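Coordinate analysis (summary)
If you want the building blocks of each chain, they are given just below.
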Amino acid sequence: MAFEFADRVKNLPPYLFKEIDRLKAELIARGVDVINLGVGDPDLPTPKHIIERLKEAAEDPANHQYPSYSGMNDFKGAVARWYKRRFGVDLDPASEVITLIGSKEGIAHLPLAFINPGDLALIPSPAYPVYGVAVMFAGGNTHEIPLLKENGFLPDLDAIPADVAKRAKLLFINYPNNPTGATAEADFFQKVVAFAREYDVIVCHDAAYTEMAFDGYRPMSFLEVPGAKEVGIEFHSLSKTCNMTGWRLGFAVGHAKVLEGLGQIKSNVDSGAFNAVQLAGITALESDQTCVKEMQAIYQERRDVLIRGLREVGLHAEPPKATFYVWCPTPQGMTSAQFTSLLLKEAGIVTTPGSGFGAPGEGYVRMALTVSKERIQEAVERIRKVSF
């Protein structure tokens, strides 16, 4: 029998990180010692006290049943308390917090609640690919806002044509930013709030990297800006904050009606996060945050080693203030795909072409700080030997 994929599957671009995994596997099969600076998956272990809480919770039969669709009240309360301590933001756990099976899941499902076929969403470019794919799955269209170096990799909201802004239902933003490592401050978020009010746009802020910051920098929450909670929501996750990528636990906070819509989608397509994982998440949020500071110090040291090495070979990347990504310009006259291929074939180093995140990412490759300092030093030495 011949089975045909739906158009939404046929129209999917190759998932960027899946393709990187395929190329990496090919090299490994040929016996190449691959240094993977491609996918942003922390190599550091989940802190032991969080693991111990999971073990304890998993032993309790009461946690083996279906969880609440919107999340355990205790977990949502812990999220609200963390937001208050970390950002000074007040949240009602009952209506302004929802538990997610990782922030990716929430981001992917949100457009289904607010985008009708033909509706428009504003997305940055380059960007995490899920924003655009999620809108496409809902039958919507996207208008890309380029993130350019001359604008500090912030979207120029004033450059969006008025007729486009009037049609828009959603605006995705992401700071600290993946893939560029850029950060945003209160003045930018204030402009976002004003834009959203003027055009009745729901703001969706992906804030997964706020706890991955260096040199004493403390990224802010979009919700710290007056009026932000009235125009949108913020997605967060324990994946990067506590090295819990495989645990699949995140949350969205902010506008109650927006979260209600997201919750209605979730109640029809998933059954919530495992209670034992949520209980471990409470421990992660409420315990001493020394483990987060230790993680930041490790990534900062790796960043400094990589930035210093890249500059020594003539690649003048800027040190990011946050995230564990370095947005490295390609050598003059070389595209991001060409440079990625060169590093892969001649040095056994996996990086991500900036163009894979969107056309404005051309001219850059993203390097993730998710291998040890020693492996990063080895990568630098290999790059020295590559002719470009």
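Residues numbered from 1 in each chain as written. Predicted model: local features only at pLDDT ≥ 70, side-chain atom pairs only at ≥ 80, totals over all residues. Heavy atoms only, no water.

Concerning the environment of Glu 4
Along the polypeptide, Glu 4 turns up in the segment before helix 1 (7-10). Sequence spacing of Glu 4 and Ala 29 is 25 residues, and the spatial spacing of their C-alpha atoms is 32 Å. Within polar-contact distance, the side chain of Glu 4 engages the side chain of Lys 10 at 2.3 Å. (Helix = DSSP H or I, 4+ residues; strand = E, 2+ residues; numbered from the N terminus. Polar contact = N/O pair within 3.5 Å; in protein donor to acceptor, adjacent residues only side chain to side chain.)

Looking at the environment of Lys 229
Along the chain, Lys 229 turns up in the loop between strand 6 (202-206) and strand 7 (232-237). Beyond its immediate stretch of four places on either side in the chain, Lys 229 contacts Asp 90, Leu 91, Glu 96, Leu 223, Gly 254 and His 255. In terms of polar contacts, Lys 229 uses its side chain to reach the side chain of Glu 96, at 3.2 Å. (Contact = heavy atoms within 4.5 Å.)

Quick word on the layout of surface pockets
Its volume calculated, the largest pocket comes out at about 570 Å³. Around the largest pocket sit 26 residues that line it, and Pro 13, Pro 129, Val 130, Gly 132 and Val 133 are the ones nearest its centre. Residue assignment for the lining of the largest pocket shows that the elements contributing at least two residues are helix 5 (103-114), strand 3 (120-125), helix 6 (130-137) and strand 4 (141-146). Per element, the largest residue contribution to the lining of the largest pocket is 6 residues, and it comes from helix 6. (1 Å grid on protein atoms, 1.4 Å probe; cavity = no way out; pocket = protein on both sides within 12 Å on 5 of 7 lines; lining within 4 Å. Points joined across faces, edges and corners; volume = space filled by probe spheres on them.)

What to know about the domain arrangement of the protein
Interface size is commonly expressed as the accessible area that is lost once the parts come together. What the domain assignment lists for the protein is domain 1 (16-45 + 290-384) and domain 2 (48-286). Once you take the C-alpha centre of each, domain 1 and domain 2 turn out to be 26 Å apart. A combined buried area of about 2600 Å² lies between domain 1 and domain 2, and 63% of that area is made up of carbon and sulfur atoms. On the surface where domain 1 and domain 2 come into contact, there are 1 salt bridge. Arg 303 serves as the salt-bridge partner of Asp 215, at 2.9 Å between the closest nitrogen and oxygen. Run the count over domain 1 and domain 2 and you get 10 residue pairs in polar contact (both at pLDDT 80 or more). Contributions of two or more residues to the side of domain 1 that touches domain 2 are made by helix 11 (290-312), strand 9 (325-329) and strand 12 (364-368). Residues belonging to the side of domain 1 that touches domain 2 are distributed by class as follows: 17 nonpolar, 7 polar and 4 charged. (Domains from an automatic or database assignment. Buried area = accessible area lost by both parts, 1.4 Å probe. Salt bridge = Lys/Arg side-chain N within 4 Å of Asp/Glu carboxyl O. Nonpolar A, V, L, I, M, F, W, Y, C, P; charged D, E, K, R; others polar.)

Re the sheet that holds strand 2 (residues 97-100)
Ordered by their spatial adjacency, 7 strands build an open sheet running 2-8-7-6-5-3-4, and the pairing between neighbours is mixed. The sheet terminates laterally at strand 2 and strand 4, the two strands that pair on one side only. The mean angle between the axes of side-by-side strands here comes to 20 degrees, regardless of whether they run parallel or antiparallel. As paired elements, strand 3 and strand 5 (residues 168-174) share 3 bridges and run parallel to each other. Residue pairing across strands places Leu 120 opposite Ala 168, the latter belonging to strand 5. Across the face of the sheet, helix 6 comes into contact with strand 3, strand 4, strand 5 and strand 6 while running at roughly 160 degrees to strand 3. (Pairing = 2+ DSSP bridges. Axes fitted to C-alpha atoms, helices over the stretch in contact; angles between N-to-C directions.)

Description of the sheet that holds strand 9
On the basis of which strands lie adjacent, the open sheet formed by 3 strands has the order 9-12-11 and antiparallel pairing. Each edge of the sheet is formed by a strand with only one pairing partner; in this case those strands are strand 9 and strand 11 (352-353). For strand 11 and strand 12, the ladder comprises 2 bridges, and the chain directions are antiparallel. Considered in strand 12, the bridge of Thr 352 is made with Arg 366. Most of the contacts of helix 11 go to strand 9, to which it runs at about 10 degrees, and overall it touches strand 9 and strand 12. The strands touched by helix 12 (residues 336-347) within the sheet are strand 11 and strand 12, with strand 12 carrying the most contacts at an inclination of about 45 degrees.

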